[in-house]
Amino acid sequence: MPYIETRTNVTISKDQEIALKTAFGKAIGIIPGKTEEWLMLSFSDSQRMWFAGDDAPSVILEVELLGSTTDAVYDKLSAELTSIVSEQLSVPPSRIYIKYEEIGQWGWNGKNF
């Protein structure tokens, strides 16, 4: 069960959201055993955000996944997610943060995995 939360101070159009959803769905396969079938996404746009002293366009992605993976996989996923977000939202890579969290327990459908 991977989950990606996207928060940004730019506006995300419906077309951009669909493009992000599609691209994130493909990118999550970089993590062994993870697929779009279990991917949950949320988008929060037009947030009041400041980074490096100004409110220029910026994005933070929070990626949570059940279990763990390697640093090499995270490196590859960071590169891919950064590319996707930068392309779709016109935010420079230097203004995109990605936070990863590995979850030991995750509940779904009334029980835990």
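Scroll up to find the structure this text is about.
Reading the values: the criteria
Residues numbered from 1 in each chain as written. Predicted model: local features only at pLDDT ≥ 70, side-chain atom pairs only at ≥ 80, totals over all residues. Heavy atoms only, no water. Phe/Tyr/Trp six-rings, centres within 6.5 Å; stacked < 30°, edge-to-face > 60°. Helix = DSSP H or I, 4+ residues; strand = E, 2+ residues; numbered from the N terminus. Salt bridge = Lys/Arg side-chain N within 4 Å of Asp/Glu carboxyl O. Buried < 20%, exposed > 50% of the residue type's maximum accessible area, 1.4 Å probe, protein only. Patch = residues over 30% accessible without salt bridge, like charges linked within 9 Å, V, L, I, M, F, W, Y side chains within 5 Å. Areas by Shrake-Rupley, 256 points an atom, 1.4 Å probe, with all protein chains shown as cover.

What am I meant to see in the packing of aromatic side chains here?
For any pair of aromatic rings, geometry is given as the distance between the ring centres together with the angle between the planes. Per the counting criterion, the structure on display carries six aromatic pairs. Look at F24 and F43: their rings are 6.4 Å apart centre to centre, the planes differ by 10°, and that puts the pair in the stacked class. With F24 in helix α1 (residues 14-27) and F43 in strand β2 (residues 40-44), the pair connects residues that are 19 residues apart, well separated along the chain. Of the aromatic side chains, those joined through ring pairs into one cluster are W38, W108 and F113.

I keep staring at the pattern of salt bridges and nothing clicks. Help me out?
Counted under the stated rule, the structure contains six salt bridges. E17 is paired through a salt bridge with K14; the nearest N and O atoms lie 4.0 Å apart. Of this pair, E17 and K14 are both found in helix α1, three residues apart, which corresponds to roughly one turn of the helix. Here K99 and E62 are joined by a salt bridge, their closest N and O atoms 3.6 Å apart. Taken together, the residues span a long stretch of sequence, with K99 in strand β4 (residues 96-103) and E62 in strand β3 (residues 59-66) at a distance of 37 residues. Its relative accessible area of 39% is what places K99 among the partly exposed residues. Using a relative accessible area of 13% as the deciding quantity, one classes E62 as buried.

Any chance you could explain a nonpolar patch on the surface here in plain terms?
On the surface, W38, W108 and F113 cluster together into a nonpolar patch covering about 320 Å² of accessible area. Tracing the backbone shows W108 in strand β5 (residues 107-108).

Is there a simple way to think about the environment of R48 in this case?
Turning to its location among the elements, R48 is positioned in the loop between β2 and β3. For R48, a relative accessible area of 84% gives the class exposed. Along the sequence, R48 and R7 sit 41 residues apart, while their C-alpha atoms lie 9.8 Å from each other.

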